[in-house]
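# Chains, contacts and geometry: an overview
Listed here are the chains, written in short residue letters.
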Amino acid sequence: MAKKKNTGGEMSFLDHLEELRWLLVRSTIAILIGACVAFAFSGFIFDEIIFAPKDGNFITYRIFCELATKYDLDKSFCIKELPFEIQSRSMDGQFSTDIWTSITAGFILAFPFILWEFWKFISPALYAKERKGAAMFIFTTSILFFIGVLFGHYLITPLSLNFLGNYKISDMVKNDIDLDSYLSLVKTTAISCGLVFEMPIIMYFLSKMGLISASFLRTYRRYAYVIILIIAAIVTPPDVVSQMIVTIPLVILYEGSIFIAARMDKKRAKLAKEEANV
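Just so you know, these numbers come straight off a predicted model, no measurement behind them.

Criteria and thresholds
- Residues numbered from 1 in each chain as written.
- Predicted model: local features only at pLDDT ≥ 70, side-chain atom pairs only at ≥ 80, totals over all residues.
- Heavy atoms only, no water.
- pLDDT = per-residue confidence, 0-100.
- Helix = DSSP H or I, 4+ residues; strand = E, 2+ residues; numbered from the N terminus.
- 1 Å grid on protein atoms, 1.4 Å probe; cavity = no way out; pocket = protein on both sides within 12 Å on 5 of 7 lines; lining within 4 Å.
- Points joined across faces, edges and corners; volume = space filled by probe spheres on them.
- Nonpolar A, V, L, I, M, F, W, Y, C, P; charged D, E, K, R; others polar.
- Core = buried A, V, L, I, M, F, W, Y, C linked by side-chain atoms within 4.5 Å.
- Buried < 20%, exposed > 50% of the residue type's maximum accessible area, 1.4 Å probe, protein only.
- Contact = heavy atoms within 4.5 Å.
- Patch = residues over 30% accessible without salt bridge, like charges linked within 9 Å, V, L, I, M, F, W, Y side chains within 5 Å.
- Areas by Shrake-Rupley, 256 points an atom, 1.4 Å probe, with all protein chains shown as cover.
- Salt bridge = Lys/Arg side-chain N within 4 Å of Asp/Glu carboxyl O.
- Lys, Arg positive; Asp, Glu negative; His and termini not counted.
- Charge placed at Lys NZ, Arg CZ, Asp CG, Glu CD.

Before going further, it helps to examine the confidence of the model for the protein. Detailed conclusions should not be drawn from predicted coordinates in areas where pLDDT is low. For the protein, mean pLDDT is 82; residues scoring 70 or higher make up 88% of the total. Per-element mean pLDDT across the protein ranges from 65 in helix α5 (residues 128–131) up to 93 in helix α2 (residues 42–50).

Further remarks concern the layout of surface pockets. Within this model, the second largest pocket holds a volume of roughly 460 Å³. Considering the residues around the second largest pocket, the lining is formed by 19 residues, among which Ile45, Ile49, Ala105, Ile108 and Val149 are closest to the centre. Mapped onto the lining of the second largest pocket, the elements with two or more residues apiece are α2, α4 (93–122), α6 (134–166) and α7 (179–196). A class-by-class count of the residues in the lining of the second largest pocket yields 15 nonpolar, three polar and one charged.

A word on the nonpolar core. Counting residues in each nonpolar core, the largest one holds 15 residues, and the members touching the most others are Ile50, Tyr61, Leu82, Phe84, Leu161, Tyr182 and Leu183. For this core, the elements supplying multiple residues, two or more each, are α2 and α7. Top element by residues in this core is α7. It accounts for four residues. Setting aside chain neighbours within four positions, we find Phe84 in contact with Lys54, Leu161, Gly165, Asn175, Ile177 and Tyr182. Core analysis: the second largest hydrophobic core is formed by 14 residues, Leu115, Ile138, Phe145 and Ile191 among them.

A surface patch of like charges, here positive, comprises Arg218, Arg263, Lys266 and Lys267. Broken down by element, the positive patch gets its largest block of residues, three residues, from helix α11 (residues 240–277). Tracing the backbone shows Arg218 in helix α9 (residues 214–219).

Right, here's the structure in full:
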């Protein structure tokens, strides 16, 4: 359907809905293409990526074990294998898991394209100078997302698996983990961390709209740090080194958000001053 413009040269509400519909259609196609690529390499994805944190030889466990040995800390990561088995309890369990995991991987692969589609949708509402920053926006946002996914998979996931896999309420209970439960933890952790690492970008837009300020973030900094430390304490063993490895990236993200908000505050103040002098 061709776009229809109103007499003022602007898109009508229905035109915006039509554009949004095609945005969703193109994004869905991109995800499905990525899913097909992931499905073709599903063996590698499952054996070398998804199930890798269950192996005691996983790189995260080796690094933590070396640090624990060197600094005489908790050696709970010096393991050969996590004490639980993964099982599928439905006839189509492995097939449906393969399909949905491929779709999740397709979303991760298509993320830069989805950002590009989103940018095209909002760009008419931006100034010409802001539209020139499309490439930087997509690059920065994609890099932050991928770093977050890697952070979640190579740090949060093995920490969580090690804690939950070794947690016991009684020696009489044996851990036979359902495939869906394991996959849910791995996928949710990776995607959630990817989105959490978008905090500076989210703060940029919130600051630009005047919904949040640097002073607000500084005021509640101590509470944010407490929440970060609580999260780190939950997912890591009881030693300082492990907790700091999780805490430091999250603190950097928060401080980066304050820096971005402060810059946006200065720009708004400068613009308001210029308008007042007109």
